[in-house]
Amino acid sequence: MVYLPPPQLASASRPSYGEAYTDILAAHRRSPLTSASSVILLVAPDVDALCAAKMLAELLKQDDVMHRIIPVSGVAELESMKDEIAAYTELHTLILFNMGAILDLPSPMWFGEFSTKLTVHVIDSTRPQNLGSLFGGGGIGDRIVIWDDGEVEKMAEERKAWEALEYEPEPDSDASDFESEDDVDEEFSEYTSSHKRKSPQDGDRGRDKRLKLDNSNQPSRISREQRTTYQAIVDKHYTSAPLRQSYILATVLERVDCDLLWLSILGLTYQYTTARISREFYEKYHSIYHDEVSRLNPLPTGVTNDVDTITALSPDDLSIRATEELRFTLFRHWTLYDAMFHSSYVAGKLGIWKERGRKRLTGLLAKMGFSIPQTQQPYAHMDLDLKHQLRSKLDAIAPEYGLVELTYPSFARCFGYRAPPLSAADAVEAVSALLDVAGGIRMEVEVEGARHGGEWFGGGRVWEGGKRAHDESTRAKESADSSTNANAEAIRDDTDDPEEPTEVPWWVKNFWAGYDALTDAVPLRDALALSMSLHRAIIRQGTSIIDKQDIRTMRSHRVVILSQGPDLALFAHPGVLARLALWLIDALRDKLPGTKLARGKKSLPFVLACLNEKAATYIVVGVMGALEVGDVRKNEFGLAFINAKDRCNARSSHNSFNTSVLEIDQGDLKAFLEALCEVGEGY
């Protein structure tokens, strides 16, 4: 295995991203069989991975490297696709985005038996990582290239623990047992990070490791207590970080522009708004991007950056501006009241699921001097002086209601006169909505301007992929209808070909909708209405859960089970269910006492299970919330889920790349939750 340090930690003997990219170009140009299948990008369906893949694809395009992008939904999809990928004789480079970190990639189960000319690059921000891929070697291990973000340099303790578990003999074993390393590997394969068996060349490497670890000529057996300590270290290597490797590569190649910078900003914003990174971590990288924005987008002389009313300066103005983002959901595109009402932060401070909380929200707006008609009309149509006064009024009055962290530094981008400027947070909301619910579920969206009676007079419509997609599908349908009669006979006669066109899965359509929207303002703005509908469903379900007291308190976590309701099919999507969990954590952060876990600070662990009626299974999501806004707790439900399902022998599938998402048989849910309580003290 090879892991690449970032450029600032690289040296002549330790290449970095630039050298790896050069190797990809060289392999492509000397390959006699050059095609789009020579370089394949496998991308997980989340905003961070989409942005990173889009950046690298743009760099490859500039270098005239044909490549292919394939979306992969989870581990099962990747496993089924492995045989297809192996059949590509011209394939020399495989790049994994936000997948592969938890897999033992050098093992025969994955890429261990692939062609020797294949190099697998892993660019992954998810945690935990498979330490076998990081620290293992030999065979194809040297062709697994991890694009590290600098964290491996800080993992000396984890490396020592992994090597001890991997290469030390079992305690209380005799000499014959010691000689059989296969037995050692088999016993600990479920818990250690590498599942491969030892080859003869690995044995020499293992002895060298033992000598290094023990400083003796013969390996000594570690005690059971020490083994337990090492296992705890291996199981807890969690460090999340945004996917910035693609942008760093563009910087090294001196090809950074506003488009790539915007994609990198979206990836960082997604990590922060979904509680994957802390406020401190976010501000560290925000300051870096702020300098980049100032360098690439200098304002003309005499023009100041007004964070309240950002406008394009010319028809071709595609600049990025620094701004202060309010924690109000899509407030630039919604009414001010709706934006505050659907904000999880405001919900937690005011308790808007109760009548008293909604009155407090109305009272806050009245105390600020905002009339009800002003707060009920779209923000874009509000009086300009009210927009300018909004932040100062909030700073003066909101702390009385406990709203003290209403803003965070962010960015917005102009799109010339083609569309109004869009903030990074709003763009992330739109792309996330496209990935989750653009297809596969029936969603109703509100027609702009149809408020106050629109619901009764046809103001709502079913989401059909946005205005552009709807217009194109209408034209395609009309064209197909006009040619039906002419082609009917030919189609009827063509009965020799038994193959029928396979329907593209809904999640693949969603992936490409989100991917295309990253750089196109029109579908991005169309998706804002879809995001609003999604937030309405989340707050509707969240309010119902709290009102009906459906939250069950266990010894180490809280459980919510959704088995009925009008939005059941919607929350059977893991991404939407995780959003609901984050909303509940934000809403109840000040209302519920934290749980003191075995290792670490107090947290708010939530487990949500939603019934998938079609598959007769439950989608289970585990989220670890912090007691402070902007803080992050390590989500350690992945190992707990594995231990619980093994303990109760539950019929389940762990297909997602997110280890804290599990699909379990409907009849096994009760036993699984009971087992989770028993192992709960360990996470």
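Check the entry above for the structure.
Residues numbered from 1 in each chain as written. Predicted model: local features only at pLDDT ≥ 70, side-chain atom pairs only at ≥ 80, totals over all residues. Heavy atoms only, no water.

A. Broad picture of the packing of aromatic side chains. Applying the stated criterion across every chain, the model contains 15 aromatic pairs. Ring centres of Tyr 247 and Tyr 289 lie 5.9 Å apart, and the angle between their planes is 85 degrees; this geometry places the pair in the edge-to-face category. Placement of the pair is Tyr 247 in helix H10 (residues 245–252) and Tyr 289 in helix H12 (residues 279–296), with a sequence separation of 42 residues. On the basis of relative accessibility, which here comes to 5%, the residue Tyr 289 falls in the buried class. Ring centres 6.2 Å apart and planes at 15 degrees place the aromatic pair Phe 511 and Tyr 515 in the stacked group. Of this pair, Phe 511 and Tyr 515 are both found in helix H20 (residues 506–517), 4 residues apart, which corresponds to roughly one turn of the helix. A relative accessible area of 1% places Phe 511 in the buried class. Take Tyr 515: its relative accessible area is 9%, and that puts it in the buried class. Linked through ring pairs, Tyr 272, Tyr 282 and Tyr 408 together constitute an aromatic cluster. Against the face of Tyr 345 rests Arg 327, its NZ or CZ located 5.8 Å from the ring centre. In this structure, Lys 387 is placed above the aromatic ring of Tyr 379, and the distance from its NZ or CZ to the ring centre is 5.2 Å. (Phe/Tyr/Trp six-rings, centres within 6.5 Å; stacked < 30°, edge-to-face > 60°. Helix = DSSP H or I, 4+ residues; strand = E, 2+ residues; numbered from the N terminus. Buried < 20%, exposed > 50% of the residue type's maximum accessible area, 1.4 Å probe, protein only. Lys NZ or Arg CZ within 6 Å of the ring centre and 35° of its normal.)

B. Summary view of the pattern of salt bridges. On inspection of all chains with the given rule, the structure shows 19 salt bridges. Residues Glu 283 and Arg 279 are paired through a salt bridge, measuring 2.7 Å at the closest nitrogen-oxygen approach. Separated by 4 residues within a single helix, Glu 283 and Arg 279 lie in helix H12, roughly one turn from each other. Two residues, Glu 429 and Arg 579, come together in a salt bridge whose shortest N-O distance is 3.5 Å. With Glu 429 in helix H18 (residues 424–437) and Arg 579 in helix H23 (residues 574–588), the pair connects residues that are 150 residues apart, well separated along the chain. Among the residues examined, Arg 579 registers a relative accessible area of 16% and is labelled buried. (Salt bridge = Lys/Arg side-chain N within 4 Å of Asp/Glu carboxyl O.)

C. Main features of H18. The terminal C-alpha atoms of H18, which comprises 14 residues, lie 20 Å apart, in line with the 20 Å expected from a rise of 1.5 Å per residue. Counting buried residues along H18, 13 of its 14 residues qualify, which places the element largely inside the surrounding structure. (Expected span 1.5 Å × (residues − 1).)

D. Spatial organisation of the side chain of Ser 556. Topologically, Ser 556 is positioned in the loop between strand S12 (552–553) and strand S13 (558–562). Looking at Ser 556, its side chain comes within polar contact range of the side chain of His 557, at 3.3 Å. (Polar contact = N/O pair within 3.5 Å; in protein donor to acceptor, adjacent residues only side chain to side chain.)

E. Looking closely at the sheet that holds strand S7 (residues 320–326). Taken in spatial order, the 3 strands make up an open sheet running S7-S8-S9, and their pairing is antiparallel. Each edge of the open sheet carries a strand with a single partner, namely S7 and strand S9 (419–423). With strand direction ignored, the average angle separating the axes of adjacent strands in the sheet is 35 degrees. Two elements, strand S8 (residues 407–415) and S9, share 3 bridges in a ladder whose sense is antiparallel. Residue Phe 415 lies in a different strand from S9, and its bridge partner there is Ala 419. (Pairing = 2+ DSSP bridges. Axes fitted to C-alpha atoms, helices over the stretch in contact; angles between N-to-C directions.)

F. Expanded view of the packing of H18 against H23. At a closest axis distance of 8 Å, the pairing of H18 and H23 adopts a crossing angle of 130 degrees. If you check the angle between H18 and H23, you find them oblique. Side by side, H18 and H23 meet where Glu 429, Ser 432, Ala 433, Asp 436 and Val 437 of the first sit next to Gly 575, Val 576 and Arg 579 of the second. Per-class residue counts for the contact of H18 with H23 are 3 nonpolar, 2 polar and 3 charged. (Parallel < 35°, antiparallel > 145°, perpendicular 65-115°, else oblique. Contact = heavy atoms within 4.5 Å. Nonpolar A, V, L, I, M, F, W, Y, C, P; charged D, E, K, R; others polar.)

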